[in-house]
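# A structural walkthrough
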There are 2 protein chains.
Amino acid sequence: MAKRIITISREFGSGGHSIGLMAAERLGISFYDNQIITEVARQSGLSEEFIRENEEYASHSNSFLYQIAMSAAGSYGYPSVYQKLYEAQTQVIEQLAERESCVIIGRCADYILRDRTDCLHVFIHADYEHRAAHVLEKYGDNGKPMQQRLKDKDSRRRNYYRFHTDRDWGVCANYHLALDSGLLGMDTCVDLILAAARV
Amino acid sequence: MAKRIITISREFGSGGHSIGLMAAERLGISFYDNQIITEVARQSGLSEEFIRENEEYASHSNSFLYQIAMSAAGSYGYPSVYQKLYEAQTQVIEQLAERESCVIIGRCADYILRDRTDCLHVFIHADYEHRAAHVLEKYGDNGKPMQQRLKDKDSRRRNYYRFHTDRDWGVCANYHLALDSGLLGMDTCVDLILAAARV
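All of the points below concern the structure found in this document. (Residues numbered from 1 in each chain as written. Chains lettered and ligands numbered in written order. Predicted model: local features only at pLDDT ≥ 70, side-chain atom pairs only at ≥ 80, totals over all residues. Heavy atoms only, no water.)

## Considerations on the packing of helix α7 (residues 128-139) of chain A against helix α8 (residues 146-165) of chain A
All names here are of chain A.
- Two elements in contact, α7 and α8, have axes separated by 10 Å at closest approach and are oriented at 90°. Judged on the interaxial angle alone, α8 and α7 are roughly perpendicular. Of the residues in α8, those touching α7 at Y128, R131, A132, V135, L136 and Y139 are M146, Q147, R149, L150 and D154.
- Residues belonging to the contact of α7 with α8 are distributed by class as follows: seven nonpolar, one polar and three charged. (Axes fitted to C-alpha atoms, helices over the stretch in contact; angles between N-to-C directions. Helix = DSSP H or I, 4+ residues; strand = E, 2+ residues; numbered from the N terminus. Parallel < 35°, antiparallel > 145°, perpendicular 65-115°, else oblique. Contact = heavy atoms within 4.5 Å. Nonpolar A, V, L, I, M, F, W, Y, C, P; charged D, E, K, R; others polar.)

Rendered as structure tokens:
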């Protein structure tokens with residue numbers, strides 16, 4: 001195919017992980033979502049637990065303290081632990097793209113790989129009902145109101161993306177293809193991604 | 001097809017008009033872009049010239065005077081001429097959707113028809129280079145810097161959409177399918193729209 005790397009950004013509960021996995025399987029290429037955590041841990045020396053809690057879901061990426069921690073890095077000549085994490089993540093994603101054809105989920109990969117011409121950048125979203133049903137099926141009920149649960153996770157992703165890329169998350173112009181998985185269904189989403197990647 | 005009405009919102013110069021026309025031809029259904037102006041004129045009594053200048057490109061939709069004119073309507077019990085235009089446009093689009101399968105370009109049709117389940121809402125965008133080349137080829141050089149020309153027209157569409165729908169123009173969540181016509185090419189955009197409309 002012409003586009004050998006597919007990045008997938010997604011609203012929480014839209015099925016972006018599953019759609020990406022199905023696309024990778026149909027193309028016979030690698031799939032990277034949580035596997036990236038292990039690799040970032042190996043290369044950075046940070047613990048997997050820290051990475052899991054602070055990678056794209058960082059709840060504090062919009063907070064004053066986080067921004068201080070990030071910007072203080074330059075002033076003192078050494079990177080904050082958050083900056084170290086983002087840099088390690090960037091490096092791992094760049095290495096993956098250089099090394100092999102693959103599907104990469106989240107983690108600002110669309111932005112990190114924006115200058116490559118062999119990538120297809122995809123955004124997956126869906127209406128509330130479809131996302132709520134998907135989250136319940138996949139993660140169960142954790143006691144929090146569903147509306148809040150979806151909003152919290154997407155807000156963290158939006159803030160993290162905004163902080164590191166200076167772009168707005170979920171805006172059409174940032175992606176080559178954006179799909180409503182609620183209306184289209186997961187199989188059609190995979191078909192459309194594969195058709196677009198052939199260009 | 002399952003979705004018998006396709007609305008196409010588009011960045012200026014992205015080829016949305018041509019893509020919509022090709023999709024309508026391939027599906028053997030009607031195509032409405034400027035044809036809507038004639039129908040709005042017939043139903044509202046407003047002149048085609050006034051409609052052409054003040055429909056979705058209204059340069060003043062973000063201006064204080066426009067907003068006063070719009071909101072004054074309710075206070076005085078009669079609609080301003082701008083409100084009359086938007087209402088006539090809404091009515092024409094609802095009638096078209098009720099009457100026949102069709103492709104409708106712009107004019108907040110995605111919002112006006114949001115509660116129908118037989119519509120596919122599409123957004124078309126492209127990078128600066130593709131849009132600049134398309135505008136030059138289609139409309140020629142009018143002496144204004146191209147960057148400004150693209151920005152002006154999209155700003156007017158964005159403001160008009162925002163004013164009438166209270167939504168943000170060009171945000172993935174508002175559309176079932178968003179396509180980068182610069183990367184994908186017009187023919188592939190048509191293929192993807194047809195595949196999505198089949199669902």
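## A few points about the pairing of strand β3 (residues 102-105) of chain B
Residue and element names in this part refer to chain B.
- Here β3 shows two buried faces, one formed by C102 and I104 and the other by V103 and I105.
- Bridge count between strand β1 (residues 5-10) and β3: four bridges; the pairing is parallel. Each residue of the ladder has a partner; that of T7, found in β3, is I104.
- Pairing of strand β2 (residues 30-32) with β3 involves three bridges; the strand directions are parallel. Bridge pairing in β3 links Y32 to I104. (Buried < 20%, exposed > 50% of the residue type's maximum accessible area, 1.4 Å probe, protein only. Pairing = 2+ DSSP bridges.)

## A word on unusual backbone geometry
Residues and elements named next belong to chain A.
- In this structure, R107 takes a positive phi of about 60° despite not being glycine.
- Positionally, R107 belongs in the loop between β3 (102-105) and α6 (109-112).
- Among the residues examined, R107 registers a relative accessible area of 1% and is labelled buried.

## Some remarks on the interface of chain B and chain A
- The interface is formed by 22 residues belonging to chain B together with 22 residues belonging to chain A.
- Buried surface at the junction of chain B and chain A, summed over both partners, amounts to about 1,800 Å²; 72% is from carbon and sulfur atoms.
- When residues of chain B are sorted by the area they lose upon contact with chain A, B:C172, B:H176 and B:L183 head the list and together hold 32% of the total.
- Put simply, chain B and chain A have zero salt bridges between them.
- The interface formed by chain B and chain A holds nine residue pairs in polar contact (both at pLDDT 80 or more) in total.
- Broken down by secondary-structure element, the contributors of at least two residues to the side of chain B that touches chain A are β4 (119-125), β5 (177-180), α9 (181-184) and α10 (186-197) of chain B.
- Taken together, the residues that form the side of chain B that touches chain A break down as 15 nonpolar, four polar and three charged.
- Inspection of the sheet shows strand β5 (residues 177-180) of chain A paired to β5(B) by three bridges, in the antiparallel sense. (Buried area = accessible area lost by both parts, 1.4 Å probe. Salt bridge = Lys/Arg side-chain N within 4 Å of Asp/Glu carboxyl O. Polar contact = N/O pair within 3.5 Å; in protein donor to acceptor, adjacent residues only side chain to side chain.)

## Remarks on empty space enclosed by the protein
- Applying the stated criterion across every chain, the model contains two cavities of 30 Å³ or more.
- Considered as a void within the structure, the largest cavity measures approximately 90 Å³ in volume.
- B:S9, B:R10, B:E56, B:G106, B:R107, B:C108, B:D110, B:R157, B:Y160, B:Y161 and B:W169 are the residues that line the largest cavity.
- Among the secondary structure elements, those contributing two or more residues to the lining of the largest cavity are β1 and α8 (146-165) of chain B.
- A breakdown of the residues in the lining of the largest cavity according to their chemical character gives four nonpolar, two polar and five charged.
- Considering only enclosed or pocket space, the second largest cavity measures out at about 80 Å³ in volume.
- What lines the second largest cavity is A:S9, A:R10, A:E56, A:G106, A:R107, A:C108, A:D110, A:R157, A:Y160, A:Y161 and A:W169.
- Every element with two or more residues in the lining of the second largest cavity is listed here: β1 (5-10) and α8 of chain A.
- A per-element tally of the lining of the second largest cavity places α8(A) first, with three residues.
- Per-class residue counts for the lining of the second largest cavity are four nonpolar, two polar and five charged. (1 Å grid on protein atoms, 1.4 Å probe; cavity = no way out; pocket = protein on both sides within 12 Å on 5 of 7 lines; lining within 4 Å. Points joined across faces, edges and corners; volume = space filled by probe spheres on them.)

## Here's the deal with helix α2 (residues 35-44) of chain B
All names here are of chain B.
- Taken residue by residue, α2 has I36, I37, V40, A41 and S44 as its buried positions. Buried residues of α2, seen end-on, are gathered within an arc of 135° and therefore sit on one face of the element.
- Turning to α2, the residues buried within the fold contact β2, α3 (48-54), α5 (81-99) and β3.
- Following α2 by one or two positions, G45 adopts a phi angle in the positive range, close to 85°. (Arc of directions from axis to C-beta.)

## Thoughts on the relation of the copies chain B and chain A
- With an RMSD of 0.0 Å, the operation that places chain B on chain A is a rotation of 180° combined with a shift of 0.0 Å along the axis. Between the two chains, the operation in question is that of a two-fold axis.
- Mapped onto chain A, 100% of the interface residues of chain B again fall at the interface, so both copies present the same surface. (Least-squares fit on C-alpha atoms with pLDDT ≥ 70 in both.)

## Some details on the pattern of salt bridges
All names here are of chain A.
- Evaluation of the coordinates by the stated rule reveals 28 salt bridges over all chains.
- E100 is the salt-bridge partner of R99, the closest N and O atoms lying 2.8 Å from each other.
- The exposed category is assigned to R99, whose relative accessible area is 58%.
- Here E100 falls in the buried class, since its relative accessible area comes to 18%.
- Note that R131 is salt-bridged to D154, the shortest N-O span being 2.8 Å. Linking R131 in helix α7 with D154 in helix α8, this pair joins segments that are 23 residues apart in sequence. Grouping residues by exposure puts R131 and D154 together as buried.
- Taken together, the shared-partner salt bridges connect R4, E98, R116 and D118 into one network.

Any link to function would need more than the numbers given here.
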